[in-house]
Amino acid sequence: MLNNLIISIKSIQAKLASPNLVALALLWLIVLLIFGTLEQKFIGLYAAQQKYFSSFVLWQWGFALPATRSVLLVICVGIVAKISQWAAWKLHKLGNSLVHVGVLFLLAGTLFNTLNKQEGYLVLQKEDASPSQKSPIREYMEDYYAAELVIMSGEDNIYSHVFKQEELIPGSTLTTPQLAFNIVIDEFFTNVNIERVTATDEQSNPNDYTGFAKIFKLSDKKSELNGEENLSGAYFTVIDKQTRKPIGKYAIFENMPIIQSITHADLVYQIIMQPQRTPLPFGVGLIDFSVDYHPASEVASGYKSEVLVYDKKFTSGQRAVIEMNEPLRYKDWTLYQSAFNQAEQGSKETSILVAVKSSGRLIPYIAGLIISFGLLLHIFVRLPRLLRITSKP
Amino acid sequence: MTINIMTRNKINLSIYHNLYSRFNPLGICVIGLMLLGMSIISVASHADEIDADALDALDELNALNALEIRQLDYSQFALLPVQHQGRIKPLDSFARIHLKIFSHRNKLGELDAIEWLAEVILSPEKSYNRPLFKIRNLHGILQLPPKEDNLYSFYQISIALGKQQQLVEELRKSDYSQLTLAQQELVDLSYNSLVFFDISRSLSLFTPIFNIEDARLASYLEITENSPFNYLDAIKLNNRLNQFIEETLRSKQDSRAKDPSSPADFTATEIAALAFANLLGTLNNDKKSFLLKVLPGQWSSSWTSPWENIDLGDGSPDIARLFALWQELLEDYTNGDNEKWVTTSELLLGETLALYDSAASASPQWRLKLELFYNNARLFLIGMLLYMLAALVAIASPLIERIGKRIGKRIGKQKHGLINDYKIGNLILAFIGGGIITQVMGIVIRMIILNRPPVSNFHESLLFVMVIIVAVGYGLELVKRNYLGTTIACTSGIILSLLGFYYQGQGDSMQMLIAVLNTNYWLATHVIVITMGYAAAIVTSILAHSYLAKYVLHQHKWHKRHKLASGLGRGQAEYLYNYMLGGSLIALFLMLLGTLLGGIWADQSWGRFWGWDPKENGALLIILWLILMLHARITSSVTPHVFAAGLVALNIVVVLSWFGVNLLNVGLHSYGFIDNNALLGLFGFIGLEVAYIAMSLGYGASCELQSSRTGGRA
C-alpha cells in the first residue's frame with residue numbers, strides 16, 4: 001500500500017519534473033510575452049501589464065486563459081519536482097540544479113515582493129523662489145492608478161472619512177455610523193469624459209441632479225495609454241438614513257476644481273475624489289529642483305531635487321539630494337526622481353518623486369547571484385566536453 | 001562500388017569535393033544570400049543613403065578634375081573647436097553633421113564638408129545659391145522641378161517654403177509622430193532651413209557691408225568715406241547716427257511747423273543716414289545666430305557664437321583677439337590668399353585652444369586631432385572592405401588552390417603546391433584580423449572622444465556586436481581551419497557594417513546621452529553584457545544555420561554516414577551540434593546576467609526590478625527562447641535538426657528584441673533610433689528566416705521518409 005503510494009508519487013513527480021511540462025509552459029509564456037508587449041502599444045504599459053503579467057487569468061474574447069502568474073506557478077511546481085529528486089544533486093548536475101533553485105527563489109521572491117511592496121508618487125511643489133519660505137510638507141504618497149472618495153465636515157474638516165476605490169462599485173452603499181446618510185454609487189468610471197449638458201440631450205431632467213451634475217455630464221472614456229493620466233469619476237446618490245429618501249444625485253471626478261457639498265440636518269459635508277493616499281512615516285518638502293543640460297544642446301544631462309526630510313524625531317528637516325540614478329534611501333523607503341513640471345505662468349515648480357517600500361529588495365540580487373553562479377558552473381562542466389569532439393577533416 | 005568516369009569528370013568532381021569539404025558549412029551561400037536579401041530589403045527603401053559612399057567615390061574622381069578649384073588648405077581650419085550638442089568638436093565634425101542632415105551626403109559635389117561649411121560662413125551669399133537641401137516627397141507641395149540629385153538651393157527652398165508658410169506653421173504645432181512621412185519631411189525641411197540660415201549668418205558681423213559714400217555724413221560720423229566697414233565698427237557709430245537722424249527729423253518738423261510749404265524731401269546725406277540705420281537694423285536680426293559656438297566661455301562651460309557674445313556682452317581682450325582673427329580669416333578667404341589663410345587659421349586655432357585650455361585645464365588639441373582622424377579615416381568602411389576581401393578569397397579558394405597547383409607543377413614544387421590550403425587560410429585570417437584591428441580602433445577612438453563606454457546608442461550596439469562576432473569567427477577559424485569561422489566573421493561583419501552605415505543617426509552618431517543613460521557605470525556593465533549576449537546568440541544562430549544546411553545537403557547519405565561513423569559527415573555534424581549547444585549556453589548566461597544587471601539598474605534608478613517594459617520583455621524573450629530550446633532538446637520529441645531549427649529562429653527573436661521593440665516606441669527604453677522603413681526590412685528578414693527553416697525541415701523530412709522507405713524495403 002505504502003509502496004504503491006510512493007511509487008505513484010514518484011511517477012507524478014517524474015511527470016512534473018519532465019522537460020515536456022516546462023517546455024509547454026515556456027511556450028505559452030512566450031506567447032503571452034509577445035502579445036502582452038504588442039498590446040502595450042494600444043492599451044498602454046500599465047493596462048497591458050495588469051492584463052497579461054500581473055494576473056492569474058487572462059480574459060480574451062470571453063475565454064479564460066492562463067496568464068503569466070499561473071504559468072510561473074506551473075514552472076515553480078516543475079522546478080520543485082525536479083530539484084527534489086536525488087539525481088539532481090549529483091556533482092556534474094550541481095550547476096544545473098543551482099540555476100533551478102535560483103529561478104525558484106527569484107520567482108517566489110518576486111511574488112513576495114509584489115505582495116509586500118508599497119509604491120506611490122510624491123508630488124512636491126516649490127512654494128516660492130525665496131528660500132525663507134517653507135515649501136509644503138508632504139506626509140503621504142499618491143497612487144495614480146486608484147481613486148478614493150473623501151467626505152469631510154466640521155471646522156477645519158475635523159471629521160473625514162475615506163472610501164477606497166475597491167468600495168466604489170456601482171450599486172454598493174457607502175456608510176459610516178457618524179453619517180446621517182448613505183451614499184449609493186450609481187456609476188464609476190476609471191477614466192471619465194466630461195461634457196456640458198446640452199438642451200437636446202436626452203439626459204433626463206436637470207432637476208434630478210444636484211450641483212455640478214446639473215450642467216455637466218460624465219461618460220466613460222477609453223483608458224489613456226499612460227495610465228497615470230486617467231481621471232476617475234462617479235455618479236452617486238445620497239439617501240437619508242431614516243426616511244430612506246434620496247437627497248440628491250451628484251457627479252464627481254478626481255481633483256475637481258469645484259468642491260461638491262451636501263447639506264443635511266444643518267451640517268455641510270464636503271465630498272471630493274482624489275488619487276488614493278497612503279501615509280508615509282516621514283514628511284518631505286522641496287527646496288529646489290533643477291535640470292542640467294549638456295552644454296550647447298537641449299538634451300538634459302540630469303535632474304536634481306533638493307529636499308528636506310522631516311521625521312518625528314527631528315524638529316527641523318534633514319537636507320538631502322535626489323538625482324537621476326541616485327535615489328535617497330531612508331529607513332525601508334527609497335525615493336526616486338520620476339518627473340517634474342517646470343514653473344510656468346500659473347503653475348509652480350513641481351518635482352515628482354516615487355516612493356517605494358520593499359522589504360525584499362535583496363531577493364532578486366541574491367537570486368541573480370545564484371543563477372549566474374550555477375549557470376557558470378554548468379558551462380564550465382559542459383563546455384570542455386562539448387568543444388572536445390573535434391574531427392579534423 | 002566502382003564507377004567508370006572519365007578523367008575530366010574526375011577533376012571536376014575533385015573540385016566539387018574540395019569545395020564541399022572545405023565549405024564545411026556549405027550554408028555560406030545560403031546564409032550569404034539570405035543576409036544579403038535582408039540587407040537589400042532594409043536598405044533598398046533608402047538606397048540613396050547607402051549610396052552616399054558610392055557617390056563619394058564618384059565625387060572624388062570629379063574632384064581630381066576640379067583640383068584647381070581648391071586653393072585653400074583647410075587642415076587647420078577643420079581643427080577649429082566648436083561647441084555643439086554637448087561637446088567640443090572640430091569644425092570638420094560640425095560640417096559633416098550638418099551637411100549630412102541637409103543633403104544626406106558626406107560631400108557636396110566637389111566640395112568636402114569642411115569646404116562647404118567655410119563657404120557657408122565665410123561667403124554666405126554664394127552658398128545660398130548652391131544646391132544643398134535634399135527633397136524626397138515634397139516636389140508637389142513645394143512646386144519644385146524634379147532633379148536627378150534632388151538637391152535644391154537655400155534660395156529655392158526658402159521661396160517655396162514661404163508660399164506654404166501657413167501649412168508649415170500648422171504642422172509644426174501638431175504632434176510630430178502623428179504626421180505622414182511627407183509632412184514630417186516638410187517640418188524637418190523648414191527647421192533645417194532655419195538652422196542653415198542661422199549658421200550662415202554666424203560671421204556676418206565681420207563682413208564689411210557698410211560703406212558711406214556721402215562725404216557729409218562721413219565727416220559727421222568722423223569716418224573716411226568710401227571705405228567699407230563691418231557691423232562691429234558700425235555699432236560704434238550708432239549713437240552719432242541716431243543723433244544725426246533725430247536732429248534731421250527735428251529740423252524737418254521745425255521747418256514744417258514754421259513753413260508748411262517747405263520741401264519734405266530728404267537730402268542725399270539724410271537718405272544715406274537712413275539707409276545706414278536700416279542696414280544696421282537688418283543686421284541686428286542676425287543676433288539670433290547662435291549655433292556656431294566657436295568662442296570659449298570664459299566664466300562658464302558654455303561657449304558662445306560671435307553674435308551671441310556681442311549680445312551677452314561677454315567680451316574680453318582675449319575674445320577681442322579672436323574676433324580680430326576671425327575677421328582676418330574672412331578677409332583671407334575672400335582674397336583667396338592661401339598662405340595668409342593657413343597662418344591665420346593656425347593662429348586662430350592656437351588662440352582658441354589657449355583660451356579653452358585656461359578655462360578647462362585639459363589639453364584638448366589631441367582630441368580634436370583624433371576626431372579629425374576618425375572623420376577622415378573611415379575605419380569601419382575599411383574594416384568592411386577587408387571582410388569582403390576575406391570572403392572573396394574564401395569563395396575563390398578552390399580555384400586559387402588549383403591555379404597554385406598548376407603553377408607548382410610547372411615550376412616543380414609538386415608535393416605541397418605553391419599555394420596551398422593553409423596559406424590561403426592565413427591570407428583570409430590576415431584580412432579578417434586587419435578588419436578587426438581597424439574596427440576596434442574605431443570603437444576605441446569613439447570611446448575616447450565621447451568619454452564613455454563603447455555602447456550607448458543603437459549605432460554603437462551594431463558596431464560592438466559586429467566586432468565581437470567577427471572576433472569569435474576569427475578565433476574559430478584560427479583553431480579549426482575549416483572556413484566555419486570565416487563564414488561567421490564575413491557574413492556578419494559585412495551585413496552589420498552595412499546596417500551600421502545605415503543607422504548612423506541623423507547626421508550625428510556621437511550624440512550626448514539623456515539623463516537616465518548618463519551613467520558610465522551601468523552603461524559599462526549592463527549594456528555591454530547584454531550586447532555580448534546578442535552577439536553570442538547570433539553566433540549560435542549562424543552555427544545552427546550551418547548545421548541545418550549541412551543536414552539538408554547530406555540528408556540523402558546522412559544515415560549511412562552516421563552508421564559508418566566515417567569522418568566527414570558525422571564528425572562535423574556532431575561538432576557543429578556541440579558548438580551550437582555550447583553557444584546557446586553562453587548566450588543564455590550572458591543574456592541572463594545582462595538582464596539581471598539591468599534589473600538592478602532599474603531597481604537603483606526607478607525603484608523597480610522589473611517593469612514589463614518592451615525592451616525588458618525583448619531581452620526576456622531571448623532568454624525564454626533559449627531556455628525553451630534547451631529544455632525541448634532533452635524531450636524525446638525534438639530531434640537535433642529541430643533543435644537547430646529552433647536556434648535558427650533565435651535570430652528572429654534577437655532581431656525582434658534588438659530592433660523590433662524600438663518600433664513599438666513605448667516605455668523607458670525607446671531611445672533607440674529606428675525609422676518606419678526598418679519595419680519592411682524586419683519583416684523581410686523574418687520571412688527569409690522562416691522560409692529557410694520551413695524549406696530545410698520540409699526537405700529533410702521528405703528525404704528521411706524516402707530513406708526510411710527504402711530502408712524498409714531492404
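Residues numbered from 1 in each chain as written. Chains lettered and ligands numbered in written order. Predicted model: local features only at pLDDT ≥ 70, side-chain atom pairs only at ≥ 80, totals over all residues. Heavy atoms only, no water.

A. Main features of the overall build of chain B. When its secondary structure is counted, chain B shows 27 helices and 6 strands. For chain B, the exposed area adds up to about 32,000 Å²; of that, 60% sits on carbon and sulfur atoms. (Helix = DSSP H or I, 4+ residues; strand = E, 2+ residues; numbered from the N terminus. Areas by Shrake-Rupley, 256 points an atom, 1.4 Å probe, with all protein chains shown as cover.)

B. Spotlight on the overall build of chain A. Each helix and strand in chain A was counted, giving 6 helices and 18 strands. Looking at the 393 residues of chain A, the share that counts as buried comes to 43%. Long-range contacts, defined here as pairs at least 24 residues apart, represent 53% of the contacts in chain A between residues at least 6 apart. Here chain A has roughly 21,800 Å² of accessible surface; of this, 59% comes from carbon and sulfur atoms. (Buried < 20%, exposed > 50% of the residue type's maximum accessible area, 1.4 Å probe, protein only. Contact = heavy atoms within 4.5 Å.)

C. Representation of the packing of helix α4 (residues 91–103) of chain B against helix α10 (residues 181–200) of chain B. All names here are of chain B. Packing of α4 against α10 brings their axes to within 10 Å, and their N-to-C directions diverge by 145°. In this structure, α4 meets α10 at a crossing whose hand is left-handed. Together, F94, H98, I101 and F102 of α4 and N192, V195, F196 and I199 of α10 make up the contact between the two elements. (Axes fitted to C-alpha atoms, helices over the stretch in contact; angles between N-to-C directions. Left-handed = near helix turned anticlockwise from the far one by under 90°.)

D. Examining the side chain of T334(A) more closely. All names here are of chain A. One can find T334 in strand β17 (residues 333–341). In this structure the side chain of T334 is engaged in a polar contact, spanning 3.3 Å, whose partner is the side chain of R329. Apart from the residues lying within four places of it in its own chain, the contact partners of T334 are P327, L328, R329, V354, A355 and V356. (Polar contact = N/O pair within 3.5 Å; in protein donor to acceptor, adjacent residues only side chain to side chain.)

E. Molecular detail of the interface of chain B and chain A. At the interface, 60 residues of chain B touch 53 residues of chain A. Between chain B and chain A the total buried area reaches about 5,000 Å² when both faces are included, carbon and sulfur atoms providing 69% of it. Across the contact surface, chain B and chain A share 0 salt bridges. Linking chain B to chain A there are 4 residue pairs in polar contact (both at pLDDT 80 or more). Elements with a contribution of two residues or more to the side of chain B that touches chain A: β1 (81–84), α24 (567–606), α25 (614–633) and α26 (640–664) of chain B. It is α24(B) that contributes the most residues to the side of chain B that touches chain A, 22 residues altogether. Residue composition of the side of chain B that touches chain A, by class: 31 nonpolar, 21 polar and 8 charged. (Buried area = accessible area lost by both parts, 1.4 Å probe. Salt bridge = Lys/Arg side-chain N within 4 Å of Asp/Glu carboxyl O. Nonpolar A, V, L, I, M, F, W, Y, C, P; charged D, E, K, R; others polar.)

F. Quick peek at the packing of aromatic side chains. In the structure shown here, the tally under the stated rule is 38 aromatic pairs over all chains. Between F53(A) and W612(B) the ring centres are 4.1 Å apart and the planes differ by 10°, which places this aromatic pair in the stacked class. Of this pair, F53(A) sits in helix α3 (residues 45–53) while W612(B) sits in the loop between α24 and α25, which puts the two residues in different chains. The class of F53(A) is buried, set by a relative accessible area of 3%. According to the relative accessible area criterion, W612(B) is buried, its value standing at 14%. One aromatic cluster is present, built from ring pairs that chain together F102(B), W116(B), Y128(B), F133(B), F154(B), Y155(B), F196(B) and F197(B). The residue whose ring lies beneath K147(B) is Y152(B), and the NZ or CZ to ring-centre distance is 5.3 Å. (Phe/Tyr/Trp six-rings, centres within 6.5 Å; stacked < 30°, edge-to-face > 60°. Lys NZ or Arg CZ within 6 Å of the ring centre and 35° of its normal.)

G. Focus on α3(A). Along α3(A), the positions that sit buried rather than exposed are A48(A), Q49(A), Y52(A) and F53(A). When α3(A) is viewed along its axis, its buried side chains cluster within an angular range of 105° and face the same direction. Elements in contact with the buried residues of α3(A): α2 (19–43), β1 (57–60) and α4 (68–83) of chain A together with α25 of chain B. (Arc of directions from axis to C-beta.)

H. Spotlight on the environment of I395(B). Residues and elements named next belong to chain B. Its location among the elements puts I395 in helix α19 (residues 379–411). Under the relative-accessibility criterion, I395 is labelled exposed at 53%. Expressed as a C-alpha distance, the spacing of I395 and T487, which sit 92 residues apart in the sequence, is 9.9 Å.

I. Fine view of the sheet that holds strand β7 (residues 181–189) of chain A. All names here are of chain A. Spatially, the 4 strands line up as an open sheet ordered β6-β7-β10-β11, and their pairing is antiparallel. Looking at the sheet topology across the chains shown, the edges are occupied by β6 (173–174) and β11 (246–253). The pairing of β7 with strand β10 (residues 233–240) spans 8 bridges and is antiparallel. Paired with I185 across the two strands is F236, which belongs to β10. (Pairing = 2+ DSSP bridges.)

J. Focus on the pairing of β17(A). Residues and elements named next belong to chain A. Here strand β16 (residues 328–330) runs beside β17; their pairing, made up of 3 bridges, is antiparallel. When the sheet's bridge partners are listed, R329 is paired in β17 with T334. Pairing of β17 with strand β18 (residues 350–357), which is carried by 8 bridges, proceeds in the antiparallel orientation. Across the sheet, the residue bridging to T334 is V356, located in β18.

K. Region of interest: the pairing of strand β2 (residues 87–90) of chain B. All names here are of chain B. A two-sided burial pattern is seen for β2, the buried positions comprising R87 and K89 on one face and I88 and P90 on the other. When β1 meets β2, the two strands line up antiparallel, connected through 4 bridges. Bridge assignment links P81 to a residue of β2, and that residue is P90. The loop that links β1 with its antiparallel partner β2 comprises 2 residues; one of these, Q85, has a positive phi angle of about 50°.

L. Molecular detail of a nonpolar patch on the surface. All names here are of chain A. Nonpolar side chains collect at one region of the surface, where L2, L5, I6 and I9 lie side by side and expose about 390 Å² of accessible area between them. Tracing the sequence through the fold places I6 in helix α1 (residues 2–17). On the basis of relative accessible area, I6 is assigned to the partly exposed category, the value being 40%. (Patch = residues over 30% accessible without salt bridge, like charges linked within 9 Å, V, L, I, M, F, W, Y side chains within 5 Å.)

M. Representation of a positive patch on the surface within the structure. All names here are of chain B. Together, R402, K405, R406, K409 and R410 make up a region of like positive charge exposed at the surface. Structurally, K409 is set in helix α19. Classification of K409 by relative accessible area gives exposed; the value is 57%. (Lys, Arg positive; Asp, Glu negative; His and termini not counted. Charge placed at Lys NZ, Arg CZ, Asp CG, Glu CD.)

N. Geometry of the nonpolar core. Residues and elements named next belong to chain B. Ranked by size, the top nonpolar core spans 145 residues in total, and within it I432, M580 and W658 carry the most contacts. The element best represented in this core is helix α23 (residues 520–564), accounting for 20 residues. Beyond its immediate stretch of four places on either side in the chain, M580 contacts T540, L543, A544, Y547, F643, A644 and L647. Counting 87 residues, the second-largest nonpolar core is a separate cluster that includes V82, V294, L329 and L330. (Core = buried A, V, L, I, M, F, W, Y, C linked by side-chain atoms within 4.5 Å.)

O. Broad picture of the pattern of salt bridges. All names here are of chain B. Counted by the stated rule, this structure contains 18 salt bridges over all chains. A salt bridge links R240 to E222; its shortest N-O distance comes to 2.9 Å. With R240 in helix α13 (residues 238–258) and E222 in the loop between α11 (215–221) and α12 (231–236), the pair connects residues that are 18 residues apart, well separated along the chain. Judged by relative accessible area, which is 59%, E222 ranks as exposed. Salt-bridge contacts for D332 lead to K340; the nearest nitrogen and oxygen are separated by 3.9 Å.

P. Summary view of the confidence of the model for chain A. Residue-level pLDDT values for chain A average 81, and 90% of them are 70 or greater. Across chain A, element-level confidence peaks in α4(A) with a mean pLDDT of 89 and bottoms out in strand β12 (residues 260–264) of chain A with 78. (pLDDT = per-residue confidence, 0-100.)

Q. Quick peek at the environment of H84(B). Inspection of the secondary structure puts H84(B) in strand β1. Separated by 427 residues in sequence, H84(B) and Q511(B) place their C-alpha atoms 9.6 Å apart. Not counting residues within four places of it along the chain, the set of residues in contact with H84(B) comprises A296(A), K89(B), F94(B), I97(B) and H98(B). Looking at H84(B), its side chain comes within polar contact range of the side chain of K89(B), at 3.1 Å.

R. Structural context of the confidence of the model for chain B. All names here are of chain B. Residues with a pLDDT of 70 or more make up 81% of chain B, whose mean pLDDT is 80. Per-element confidence in chain B ranges from a low mean pLDDT of 37 for helix α1 (residues 7–22) to a high of 92 for helix α5 (residues 113–122). In the model, residues 43–51 has pLDDT below 50 throughout and makes 15 contacts with residues more than four positions away in sequence or in other chains.

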